[in-house]
Structure formats: C-alpha cells, structure tokens
Protein chains: 2
Amino acid sequence: MAPVNRRFGGYIFDLDGTVYLGEKLLPGARETVGVLRAAGSRVVFLSNKPLQTRGDYAEKLTGLGIRTSAEEVINSSWVLTQWLVHKAAGASLFVIGEPPLLTELLEAGFRFTEQADEIEFVVASFDRAFDYHKLQIAFDAIRAGARFIATNADRYCPVPDGGLPDAGAVIGAIEGCTAKPVEVVVGKPSPITVNALLNHLQLAAEECIIIGDRLETDIRMGQESGMATAVVLTGVTTPALLAHSSIRPDYVLEQLSDLLGWCS
Amino acid sequence: MAPVNRRFGGYIFDLDGTVYLGEKLLPGARETVGVLRAAGSRVVFLSNKPLQTRGDYAEKLTGLGIRTSAEEVINSSWVLTQWLVHKAAGASLFVIGEPPLLTELLEAGFRFTEQADEIEFVVASFDRAFDYHKLQIAFDAIRAGARFIATNADRYCPVPDGGLPDAGAVIGAIEGCTAKPVEVVVGKPSPITVNALLNHLQLAAEECIIIGDRLETDIRMGQESGMATAVVLTGVTTPALLAHSSIRPDYVLEQLSDLLGWCS
C-alpha cells in the first residue's frame, strides 16, 4: 500500500478506535499528533457520539496526554446545535437525547416543550432513557407538522461487552410509527459535518485528510467531500472487511504514526 | 358498484371501524351478523390489536349486543401464540408487549427470560411501557442469535385524539439498532393469520369473504389468499382514498347490512 509521503494542511481524526480505544491511547497517537502540530498542520478531533460535550472530549484527550482545547473537538451534538442556530434560532424543540445535548441546546437559546402543537423540531439522538412517553410526544408532534432531525444515525455504540442501541434505534422507532423519514442527520457522513470541519479549519477539502476506523462513516464522508482518506486498522475495520468493501481509502494505516511517512 | 348477491360460507369481520367505532356498534352490525348466523354461515371476528385477549373482545361484542364466544375471535396475540406453540413449544422468550399477550404466552407454556444468551425469540408487539431497558435486552439477544418476530406491524393505533405508537415503532427501534429485519409478522395481512382463520372456520378461502375498513391489511390479505373482499366505508377508508388506491375490493359497502343483498 502507498506510504503517506505528503503533509496535509488539516488532519481530521476520528476518536474511538482511531486515537483511543476505551480509556487507552492507541500506539503512536500522541507522538503523531505532536509531530503534525509542530510541523504547522491543523488538527481536529471528530466524533458522532452525542453523549459528551466538546469540553468533555478535550478533557479526556488532555488526560490521556494529547493537550486539546474544546475548540479542537467537533461532535454531532455541537454540529446539530450550530445547524439549528443557523436555521431556526430560538425554536421550540422536543429532544430525545441525554443531558449534555440538552445543556448545549439550552445554552444556545432553544426552548424545550412537550406540547405537540408547539414543537417545531423533534430531535432524535442517542438516549439511554428513551421510552414510550417520549415516543408518543415525538409521534404527536410530527403528526402536527414538526420537523424531524437527528444528531447521528449510528445503529449502536460499541462497548467492551457488546453495544448500546444508539440514535439509529430512536430514529427507527419514530419512523416506524409516523412513516415519516428523518429529514436531516447532521453527524458523519453528512455534508453538514464536513462544512463544520472546513469552517473550523479554514481550509479547503483538498488540503485535508480524514483518518478513521470506519469505512461507512469516516472514509465515505472524506471521499464524498474531496478529502484524502486514511483508514486505520486499530478499530472496527479488519483487513478482511477492507478487502470486501467497495470503499477504497487512499491510505491504509497499521497505526497512526504511519501518517508520518513524509518525515523519514 | 356490484351488490352482494350471494351468501358465503364464512364471514370474517374486522372489528374497529367495521363492527364498532370505539364503544359504539356501527349501523346494521348486529342485525347483519344475526341474519348471517341464522342463515347458517360461520362468522369470525378478526383484530390485529394485541392489547386484549380473545375473551375481552368477545365480552365487548356481547356487551354491545352481538353475542360472541372467545372462540369466535382471532387476534394477533392469539395467532402468535398458536404459531409459536407449533414451531417452538416451551421456548424461552423475551416479549416487548402488554400483560394480555404475556399471560396468553405464559398459559401456553412459554418461559420468559431477560438473559440475552438464553432468549430464543424476541417478540415485538404493541407496548405502551416500551423503554430503553427492553430495547437493550432485545438488541443483546438478537446479536446473540435470537430470532425476531412480531404480533403485528401496524404503525399506530387510532384513538379519538390521534394515535398511539403501535408495534411498528417497536419493530423500527429494534431494526434500527440491530440492522436485522423482523423475520415473521403473524398479524394481518400475513398468510399465518389466513391459515388460522381457515382452520378455525374449516372452510376453503373461496368460500369466505373478509369485510374490513382498511385496504392495506384487510382487503390485501383477502385478495392474496383468494377470499372475496368487501371494504366498508365506516372506518379509515374514504371514497377518495378508495378511488386513488390500486387495491380494488370486490364489494364496497356503505354499511354492513349491504352484505345482505342476497336476502332481498
């Protein structure tokens, strides 16, 4: 496979399975990020997971040895909040999601209501307290004309013993009773996330590379937007999965330090 | 439209929107059923709704003036129970459903468990106490190899002020996180329900007519199985809906007494 023999202006790193696995940094992650930053490249971390805020991720990375500010992290709850601020500032929402997402939206000036006829947007997200009561409100609101959007469409979130049903389950439940497909999913691989990244980096897509462990989200998004792409085999993608996929990243990395081919 | 100028051996009546609406019998229902029974035809009542047992429906009909025994009612929870008894008697189940369905399955000798690796079938049904905990168990069980079946696939159950998310929402949530489509849905318009009906009536499909207010379930099932079909315009189907549908029932009834054209 081709070595990475150029340095990019911007590096977009997926987090889980790419930079760390659970609570442990993956081999070469700290050194690689350090070299890239020292060489003058811009680095941003990207997650679809709406269970933590940007600040939480920055704290975790810093704790693991990669000094990171909240501004260097982009996740689906932040992208959703920015998108909504732009499209419908101050709108009335009903959110099926966890406290960090609720807090982010409240702080951005949105109002929450359970009155179906007042709800302008139903927001579906990862919610471990999802229940029939919330489903009923979403159903009533969408039948009364509310728009239906989501932070992300991941089916489940991998955990050491298996997985946790993610926003894909909430979307499925709402679509299952309303027959109305979700209108907008802002998370990877949506172009809404691409725009947020490029705005943040102040770079064109062609100057950036996205590095992740998932072909269907990380690599697909990079390819659709004109970025370079690198899959790293430290997460869900195995060599066998890669061989059978129609998605072909530009680079295949055993570990993140393979990004530094241009140094040697 | 053609008058119903023959008498059938078996009459299969949908309930809500056909025989009654909420707590009131629809015009002509009692008289029509009385004439058919007196003439020697067999009558059975059919509902997809798994929130009551056959006995509950029989009691309701009797209370409204149509004397009915539990054996003359077929609903999706009973069809599911019979199907499972035939396919996997005594199996270990995890059921997302309400107490009448649970009772029916328990009485038929099935075991319930929340241990994912012991669950042989996940049963999705209408459940107003559906929550994330149940979703997690279903997810874990299906990932561990459990089969995934459902009583019915209705999106919502109409009520005077709107609707209640029905089994379609539970199916959607499970499919949304597992990516595994439900294997078997026993309720209308499934051939499993047709078999249960014909077995009960001891008649061939050609000798039966199904009367209902929904084109997509009642009429479609009748047509696919070779029964005669009659839509009655006292429920969800309006003349405009009928005109725009590709599903063409044999008969269109203003009210149930139009079934008695052969008498006059």
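Residues numbered from 1 in each chain as written. Chains lettered and ligands numbered in written order. Predicted model: local features only at pLDDT ≥ 70, side-chain atom pairs only at ≥ 80, totals over all residues. Heavy atoms only, no water.

Undergrad: Explain the relation of the copies chain B and chain A to me, and be specific about the residues and the numbers.
TA: Rotating chain B by 180° and moving it 0.0 Å along the rotation axis overlays it on chain A with an RMSD of 0.0 Å. Such values leave the two copies arranged in the relation of a two-fold axis. Take the interface residues of chain B: 100% of them recur as interface residues in chain A, which is what a same-surface contact looks like. (Least-squares fit on C-alpha atoms with pLDDT ≥ 70 in both. Contact = heavy atoms within 4.5 Å.)

Undergrad: Hey, could you go over the sheet that holds strand 9 (residues 147-150) of chain B for me, with residue numbers and the actual values?
TA: Residue and element names in this part refer to chain B. The five strands are arranged 7-6-8-9-12 in an open sheet whose pairing can be described as parallel. Strands at the two margins of the open sheet, each flanked by one partner only, are strand 7 (111-112) and strand 12 (184-185). The pairing of strand 6 (residues 92-96) with strand 7 spans two bridges and is parallel. When the sheet's bridge partners are listed, Ser92 is paired in strand 7 with Arg111. (Pairing = 2+ DSSP bridges. Helix = DSSP H or I, 4+ residues; strand = E, 2+ residues; numbered from the N terminus.)

Undergrad: Please give an account of the packing of aromatic side chains that cites residues and values.
TA: Enumeration over the complete set of coordinates arrives at nine aromatic pairs over all chains. Consider the rings of Phe8 of chain A and Tyr11 of chain A, whose centres lie 5.9 Å apart with planes at 90°: the pair is edge-to-face. We classify Tyr11 of chain A as buried; its relative accessible area is 0%. Geometrically, the ring pair formed by Tyr156 of chain A and Phe139 of chain B is tilted, given 5.4 Å between the ring centres and 50° between the ring planes. Linking Tyr156 of chain A in strand 10 (residues 156-159) with Phe139 of chain B in helix 5 (residues 132-143), this pair reaches from one chain into another. For Phe139 of chain B, a relative accessible area of 1% gives the class buried. (Phe/Tyr/Trp six-rings, centres within 6.5 Å; stacked < 30°, edge-to-face > 60°. Buried < 20%, exposed > 50% of the residue type's maximum accessible area, 1.4 Å probe, protein only.)

Undergrad: Go over the interface of chain B and chain A, please, and point to the residues and values.
TA: The partner chain A presents 25 residues to the 25 residues of chain B that form the contact. Between chain B and chain A the total buried area reaches about 2000 Å² when both faces are included, carbon and sulfur atoms providing 60% of it. Linking chain B to chain A there are zero salt bridges. Taken together, the links from chain B to chain A amount to twelve residue pairs in polar contact (both at pLDDT 80 or more). Secondary-structure elements contributing two or more residues to the side of chain B that touches chain A are helix 5, strand 11 (162-165) and helix 6 (167-178) of chain B. Looking at the side of chain B that touches chain A residue by residue, the class counts come to twelve nonpolar, six polar and seven charged. (Buried area = accessible area lost by both parts, 1.4 Å probe. Salt bridge = Lys/Arg side-chain N within 4 Å of Asp/Glu carboxyl O. Polar contact = N/O pair within 3.5 Å; in protein donor to acceptor, adjacent residues only side chain to side chain. Nonpolar A, V, L, I, M, F, W, Y, C, P; charged D, E, K, R; others polar.)

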